[in-house]
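Residues per chain are reported as follows:
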Amino acid sequence: QVQLVESGGGLVQAGGSLRLSCAASGRTRSSYAMGWFRQAPGKEREFVSNMDRSGGSTSYADSVKGRFTISRDNAKNAVYLKMNSLKPEDTAVYYCAARLSLLDSRTYALPGEYNYWGQGTQVTVSS
């Protein structure tokens, strides 16, 4: 139904910025809530940011508030995560996720609430 491919990860020094992209194909994007998660070695997958199916509501983990911004461009079938003021603690594999949301328009923050996942993109922040 939905295929997701992340890109934009890489190596950056502390204080730098990156913008991750999630290219989606398949079903109409407006029917899906979207989320970003990350997972560092030896740790569980962690919520980063999400938005509802219309893009009208967004939320962020406390650890990234004020630094990260989630957005979308329906014309390009893409979702983005702009990351500013990066810290070494942000180092992880970042995953894009989608959930079919036909009956509600709220956001979701748990990995188990999402139906589709990308392959992940590595972000490494050096000090």
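All values reported here derive from a predicted model rather than from experimental measurement.

**Here we look at the state of the cysteines**
Part 1: This structure, assessed with the given rule, holds one disulfide.
Part 2: Paired by a disulfide, Cys-22 and Cys-96 hold their sulfur atoms 2.2 Å apart. Looking along the S-S bond of the Cys-22-Cys-96 disulfide, the torsion reads about -80 degrees, which is the left-handed sense. Note that Cys-22 is positioned in strand β3 (residues 18-26) and Cys-96 in strand β9 (residues 92-100), a separation of 74 residues in sequence. Across the pair, Cys-96 and Cys-22 agree in class, each one buried.

**Some words on the pattern of salt bridges**
Part 1: All told, the structure shown has five salt bridges when counted by the stated rule.
Part 2: The partner of Glu-113 in a salt bridge is Arg-106, and the shortest N-O contact between them spans 3.7 Å.
Part 3: Connected through shared salt-bridge partners, Arg-38, Glu-46, Arg-67 and Asp-90 make up one network.

**Overview of the nonpolar core**
Part 1: Judged by nonpolar contacts, the single largest core of 34 residues is most densely connected at Leu-4, Met-34, Trp-36, Phe-68, Leu-81, Met-83 and Tyr-94.
Part 2: Listing elements by their share of this core, those giving two or more residues are β1 (2-7), β3, β4 (32-39), β5 (46-51), β7 (68-73), β8 (78-83), β9 and β11 (121-126).

**Brief notes about unusual backbone geometry**
Part 1: Even without glycine at this site, Asn-77 takes up a positive phi of about 50 degrees.
Part 2: Mapped onto the elements of the fold, Asn-77 is located in the loop between β7 and β8.
Part 3: According to the relative accessible area criterion, Asn-77 is partly exposed, its value standing at 36%.
Part 4: Positive phi is not limited to glycine here, since Ser-85 has a value of about 50 degrees.
Part 5: Taking relative accessible area as the criterion, Ser-85 reaches 41% and is therefore assigned partly exposed.

Calculation rules
- Every chain is numbered on its own, with residues counted from 1 as its sequence reads.
- Given that this is a predicted model, residues contribute local features only at a pLDDT of at least 70 and side-chain atom pairs are listed and counted only at 80 or more, while totals for whole chains, interfaces and linings are drawn from all residues.
- Here the side-chain values reflect all heavy atoms present in the structure, with hydrogen atoms and water set aside.
- The term disulfide is used for any two cysteine sulfur atoms that are within 2.5 Å.
- Helix and strand labels come from DSSP, where a helix needs a run of H or I of at least four residues and a strand needs a run of E of at least two; each type is numbered from the N terminus.
- Using a 1.4 Å probe on the protein chains alone, a residue whose accessible area is under 20% of its type maximum counts as buried, one over 50% counts as exposed, and one in between counts as partly exposed.
- Any carboxyl oxygen of Asp or Glu within 4 Å of a side-chain nitrogen of Lys or Arg constitutes a salt bridge here.
- To define a nonpolar core, start from buried Ala, Val, Leu, Ile, Met, Phe, Trp, Tyr and Cys residues and group those joined through side-chain atoms within 4.5 Å.

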